[in-house]
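Structure assessment
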Amino acid sequence: GVSTVCWLLLSSLAYLYLFQDNGRSFLKMKRINSSNILILSVLLVFTIQPLVGFLGAINNSFSFPESMVAFEQSLKNMEEMATSLINRMLSDRSMSGILINIFIIAVMAAVIEEIFFRGCLQQLIQKIVRNKHVAVWATAIIFSLVHMQFYGFLPRILLGAMLGYLFVWSSNLWIPIIAHFINNFTAVVLQILFYGTSKYDRMENFDLKNDLWLLPISLLLCGVIIYFIVRKTPSEDEISLEIE
């Protein structure tokens, strides 16, 4: 929590103070006028999970050549350290421990990471490259790299891109913040309820043989949800009028 505040939040606040006249306006942290976009965004978080799991399985199946065994082992050690840290945090099943974990992993991570990555970095990249798609995917890659978990690299890029596009479509930073919170909160709750059981292992690990049937369903549902989100996206004229 301290690391997140000191690195991501303080650097974001410094950037906003030094280079933006109105930080809140720049971040687009405004009231959510459409509950439909919020509901659709939350649904998207759940419907995209089979795709996230598939990419995770692909990521985990990747193996390095023999000449890079030492590098591969260092990545695995980093992964084990990160997993161990999370497991130690979530091993506290007291009410105070659960609330603290939800606050750090779900609330703090969602708010601070979205302010830094989508609110500041993505908009800065878009200003430089003048292409929202490049900005979304470049930010998603950096977002994944910063977490320093190679075996979660691909699925985290997809989640980062989803959050980036939610920001683009809604022009409201609260939408990706809430989506990020729902994603992390659900993961914390599932781990608290099922960690160490066969159910948790089944939910956590996508089976490339038995679970592939979920992919076309996930793609279809995601496509439908995205279609309705984009339909409800305010036009450039509406956004300009709202800013004025």
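Described in the following lines is the structure provided in the data block. All values derive from a computational prediction rather than experimental measurement.

Running from N to C, helix α3 (residues 35–47) and helix α11 (residues 214–231) point in directions that differ by 165°, and their axes come no closer than 10 Å. Considering the angle they form, α3 stands roughly antiparallel to α11. Where α3 crosses over α11, the two elements pack in a sense that is left-handed. Packed against α3, whose contacting residues are L40, S41, L43, L44 and T47, the element α11 presents S218, L221, C222, I225, I226, F228 and I229 at the interface.

We now examine the nonpolar core. Counting 27 residues, the largest nonpolar core has L44, I48, L51, M162, L166 and I229 as its most contacted members. Broken down by secondary-structure element, the contributors of at least two residues to this core are α3, α4 (49–61), α7 (132–146), α8 (153–170), α9 (174–194) and α11. Counting residues per element, this core draws most heavily on α8, which supplies nine residues. Excluding its chain neighbours within four sequence positions, the residues that come into contact with I229 are L40, S41, L44, L166 and W169. M29, A110, F167 and I177 belong to the second-largest nonpolar core, a separate cluster that totals 11 residues.

Right, let's talk about the pattern of salt bridges for a bit. Overall, the coordinates contain two salt bridges when judged by the stated rule. In this structure, R118 and E114 form a salt bridge, with 2.7 Å as the shortest nitrogen-oxygen distance. With R118 and E114 both in helix α6 (residues 95–129) and four residues apart, the pair spans about one turn of that helix. D211 is the salt-bridge partner of R202, the closest N and O atoms lying 2.6 Å from each other. You can call R202 partly exposed: its relative accessible area is 45%. On the basis of relative accessible area, D211 is assigned to the buried category, the value being 6%.

Two elements in contact, α4 and α11, have axes whose closest approach is 8 Å; the angle formed by their N-to-C orientations is 130°. On the basis of their axis angle, the class for α4 and α11 is oblique. Like other packed secondary-structure pairs, α4 and α11 cross with a definite hand, here left-handed. Together, P50, L51 and F54 of α4 and L214, L215, S218, L219 and C222 of α11 make up the contact between the two elements.

Before going further, it helps to spend a moment on α7. With 15 residues, α7 ought to run about 21 Å at 1.5 Å a step, and its terminal C-alpha atoms sit 21 Å apart, in line with that. Regarding α7, the residues found buried are A135, V136, T139, A140, F143 and S144. Around the axis of α7, the buried residues are gathered within 160° of arc, so they sit on the same side. Packed against the buried residues of α7 are α6, α8 and α9. For α7, the N-terminal capping position is held by N131, with its side-chain oxygen 2.9 Å away from the main-chain nitrogen of H133. M148 sits one or two positions beyond α7 and adopts a positive phi of about 55°.

Take the packing of aromatic side chains next. Using the criterion set out here, one finds 10 aromatic pairs in the structure. A ring pair is formed by F117 and F143, whose centres lie 5.1 Å apart and whose planes are at 80°; its orientation type is edge-to-face. One end of the pair, F117, is in helix α6; the other, F143, is in helix α7, and 26 residues separate them in sequence. According to the relative accessible area criterion, F117 is buried, its value standing at 0%. Of the aromatic side chains, those joined through ring pairs into one cluster are W7, F116, F117 and F143. In this arrangement the basic side chain of R118 is found over the ring face of F143, its NZ or CZ atom lying 4.6 Å from the centre.

Now for the environment of H180. Looking at the secondary structure, you find H180 in helix α9. As a C-alpha pair, H180 and E113 span 67 residues in sequence and 9.0 Å in three-dimensional space. With residues near it in sequence (within four places) discarded, H180 still touches A109, A110, E113, E114, F143 and L163.

Cut-offs and rules
Residues numbered from 1 in each chain as written. Predicted model: local features only at pLDDT ≥ 70, side-chain atom pairs only at ≥ 80, totals over all residues. Heavy atoms only, no water. Axes fitted to C-alpha atoms, helices over the stretch in contact; angles between N-to-C directions. Helix = DSSP H or I, 4+ residues; strand = E, 2+ residues; numbered from the N terminus. Parallel < 35°, antiparallel > 145°, perpendicular 65-115°, else oblique. Left-handed = near helix turned anticlockwise from the far one by under 90°. Contact = heavy atoms within 4.5 Å. Core = buried A, V, L, I, M, F, W, Y, C linked by side-chain atoms within 4.5 Å. Buried < 20%, exposed > 50% of the residue type's maximum accessible area, 1.4 Å probe, protein only. Salt bridge = Lys/Arg side-chain N within 4 Å of Asp/Glu carboxyl O. Expected span 1.5 Å × (residues − 1). Arc of directions from axis to C-beta. Polar contact = N/O pair within 3.5 Å; in protein donor to acceptor, adjacent residues only side chain to side chain. Phe/Tyr/Trp six-rings, centres within 6.5 Å; stacked < 30°, edge-to-face > 60°. Lys NZ or Arg CZ within 6 Å of the ring centre and 35° of its normal.

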